[in-house]
Amino acid sequence: MLKSVYNWIDERLDITPMWRDVADHEVPEHVNPAHHFSAFVYCFGGLTFFITVIQILSGMFLTMYFVPDIINAYKSVDYLQHKVAFGVIVRGMHHWGASLVIVMMFLHTLRVFFTGSYKAPREMNWIVGMLIFFVMLGLGFTGYLLPWDNKAYYATKVGIQIAASVPYAGEYIAIFLQGGDIVGAQTLTRFFALHVFFLPGALLALLGAHFFMIRKQGISGPL
Amino acid sequence: MAHQPHDPNEKVVYVGDSRVRKYEKNNIPRDYSAYPGKSEAFVPNFLLKEWMVGAVVMVGYMMLVIAHPSPLGYPADPTNTSFIPMPDWYFLFLYQLLKYPYAADSYILLGTLVVPGLAFGGLLLAPFLDTGKERRFYRRPIASSLMLLSLIAVGYLTIVSWQHYEHELEVNGIIPEHIQREEELLAAIEAGKPVPEPGGEEPAPVAIVDKDDEGFQIYQKATCTTCHGDELKGMPPQLPALAGIGDKYSKEEILGIIENGIGGMQAQYQANLDSGLTEADIDLLADWLARQKSDAGEEVEEG
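Residues numbered from 1 in each chain as written. Chains lettered and ligands numbered in written order. Predicted model: local features only at pLDDT ≥ 70, side-chain atom pairs only at ≥ 80, totals over all residues. Heavy atoms only, no water.

Peer 1: Tell me about unusual backbone geometry, and name the residues and values.
Peer 2: Cis rather than trans, the peptide bond between Ala120(A) and Pro121(A) has omega equal to 5 degrees. As for its placement among the helices and strands, Pro121(A) is situated in the loop between helix H5 (87-114) and helix H6 (123-145). In this structure, the amide linkage connecting Val43(B) to the following residue, Pro44(B), adopts the cis form with an omega of 0 degrees. By the element assignment, Pro44(B) lies in helix H1 (residues 42-67). Within the chain, Asp14(A) stands out as a residue other than glycine whose phi angle is a positive 55 degrees. Tracing the chain through its elements places Asp14(A) in the loop between helix H1 (2-13) and helix H2 (16-22). Here Tyr168(A), not a glycine, exhibits a phi torsion of approximately 60 degrees, which is positive. (Helix = DSSP H or I, 4+ residues; strand = E, 2+ residues; numbered from the N terminus.)

Printed below as a string of structure tokens:
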């Protein structure tokens, strides 16, 4: 049955080569922890992606309850945390996942750096990776405001003040982030939009480029 | 434009019925046997192993989630002046950097643009700065030592920033709001009272008991009013309301607090004597405050 469905689609779209591009490749010995235990350092990239997927899924569930306005944002998070069944778990996964993804990404970056894997011909993939790093930090910064408690409010206020101290551009950065002259209702909706639409969109595009280049170039060889 | 069924002898071959030329792909992965060493198929062999690593990480992750519910303090209050702003932990090193004299005030550019710009710019452009063929880290001492130095600096700044924060909390007698909130919640549940909902409806203010009493006049002259207000309302959660304080403390305990202070509050006994109150006044005041019970008003009405 499954086979015939696959064949039916394959006849029309010729998907077998796609499958071969995505999944049908060899994993060399030097990155396989089953052969060299120290190769576990090559796991961090995959784990970063794993936790990113968890972040996307848990974030999708959080938006079912979260209300991005200054009166209800805190109340909706409070409701989710204390009243909704397993709400504390879903929010907890998103909260701790945000830290964990930074840790994993940091370790992955260090692995790539210390194994010299960023060298020719993989320069572009390193740069895309660094852009992913910046987008992740942006996701952390925008997501921190959303519960709208004092910690969130003051961290954002100080963060924007720091950005505003940049000469010339600073003023415009502050107005863009705040959506006005103060950290308030506009800031919250803006950060929400950045956090759930703009930055994840950029992240997915960059991840696509990252993975495409890995498949095209393969894993860097043994040292 | 549809093509004729293609002739294998034709020079130009098109993809399907399009005008796109078909070309030979040169990036088809080589056969497994072409790889040296003990290589392994990604699907399913290696993927299953990765799956197991993922499962182990997932268990640790869920244990963290269950053991430590994510923090939530009190609703954002722009008028709150005593809150210590703290970014998330991975921004602490930048935050701490800006506290040093040579990265702040007139040198602020150094802290906000130059140092982070050099660090992140260097990282971004690493492949073009370190162009040698050598990949092993011990054979590229400049790149490796710069990275190690940055790691040490980032680690140091993060730790110092956190220690400074903890020190500030201790000196000012502040409990982080998410902990305070959670304690309040647990206390309410244990006492069988309704669960407090900050950001919800404002609770009805507790009425002042015996407003005609001499205690109220003494209160107006006491130093208490600076923080707790003329109407005993305070400014929760930092400055607790004194209306209803009798629920929490007895007269002796209130006297103790006036004499020794509590949390962020300094001792007020001497300050009150200096502002013209007598010891008897303070005793009366403590007695009156101890009578400030939230249900006292109702009892009087019932009686």
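Peer 1: Give a description of helix H7 (residues 214-221) of chain B that names residues and reports values.
Peer 2: All names here are of chain B. Taken together, the buried positions of H7 are Gly215, Phe216, Ile218 and Tyr219. Taken around the axis of H7, the buried residues stretch over an arc of 160 degrees, which confines them to a single face. Looking at the buried positions of H7, the neighbouring elements they touch are helix H8 (224-228) and helix H11 (279-290). Measuring from the backbone nitrogen of Gly215 back to the side-chain oxygen at the start of H7 gives 2.7 Å, which picks out Asp213 as the cap. (Buried < 20%, exposed > 50% of the residue type's maximum accessible area, 1.4 Å probe, protein only. Arc of directions from axis to C-beta. Contact = heavy atoms within 4.5 Å. Polar contact = N/O pair within 3.5 Å; in protein donor to acceptor, adjacent residues only side chain to side chain.)

Peer 1: Run through the environment of Met86(B), naming residues and quoting values.
Peer 2: You can see Met86(B) is positioned in the loop between H1 and helix H2 (92-97). Residues Met86(B) and Trp162(B) lie 76 residues apart in sequence; the distance between their C-alpha atoms is 9.3 Å. Look past the residues within four positions of Met86(B) in its chain and what remains in contact with it is Tyr144(A), Lys151(A), Ala155(A), Leu92(B), Tyr95(B), Ser161(B), Trp162(B) and Tyr165(B).

Peer 1: So what's going on with the pattern of salt bridges? Which residues, and what values?
Peer 2: Applying the stated criterion to the full structure yields 10 salt bridges over all chains. Residues Asp213(B) and Arg291(B) are paired through a salt bridge, measuring 3.4 Å at the closest nitrogen-oxygen approach. One end of the pair, Asp213(B), is in the loop between helix H6 (177-190) and H7; the other, Arg291(B), is in the loop between H11 and helix H12 (296-302), and 78 residues separate them in sequence. Asp213(B) sits in the partly exposed class, given a relative accessible area of 23%. A salt bridge links Arg291(B) to Asp287(B), with the nearest nitrogen and oxygen atoms 3.8 Å apart. Taken together, the shared-partner salt bridges connect Lys119(A), Asp130(B) and Arg140(B) into one network. (Salt bridge = Lys/Arg side-chain N within 4 Å of Asp/Glu carboxyl O.)

Peer 1: Just give me the short version of the packing of aromatic side chains, but keep the residues and values in it.
Peer 2: Summed over all chains, the structure comprises 23 aromatic pairs over all chains. With 6.3 Å between their ring centres and 85 degrees between their planes, Phe40(A) and Phe44(A) make a pair best called edge-to-face. Owing to a relative accessible area of 37%, Phe40(A) belongs among the partly exposed residues under this scheme. In this structure Phe44(A) comes out as buried when scored by relative accessible area, which is 14%. An angle of 55 degrees between the planes, with centres 5.0 Å apart, marks the rings of Tyr90(B) and Phe91(B) as tilted. Neither Tyr90(B) nor Phe91(B) differs from the other in exposure class; each is buried. In textbook terms, an aromatic cluster arises when at least three aromatic residues are bridged by ring pairs, as seen for Phe113(A), Phe114(A), Tyr118(A), Trp126(A), Phe137(B) and Tyr138(B). (Phe/Tyr/Trp six-rings, centres within 6.5 Å; stacked < 30°, edge-to-face > 60°.)

Peer 1: Account for helix H9 (residues 185-217) of chain A, with residues named and values stated.
Peer 2: One turn of an α-helix holds 3.6 residues; hence residues three or four places apart share an orientation. Residues and elements named next belong to chain A. For H9, built from 33 residues, the straight-helix expectation of 48 Å at 1.5 Å per residue is met to within 8% by its first-to-last C-alpha distance of 46 Å. Within H9, the axis deviates most sharply at Leu194, by approximately 40 degrees. Of the surrounding secondary structure, the elements contacted by the buried residues of H9 are helix H3 (44-62), helix H4 (72-82), H5, H6, helix H7 (150-164) and helix H8 (169-178). Immediately beyond the C-terminal end of H9, within one or two residues, lies Gly218, with a positive phi of roughly 75 degrees. (Expected span 1.5 Å × (residues − 1). Bend = angle between axes of the 7 residues up to and from the residue.)

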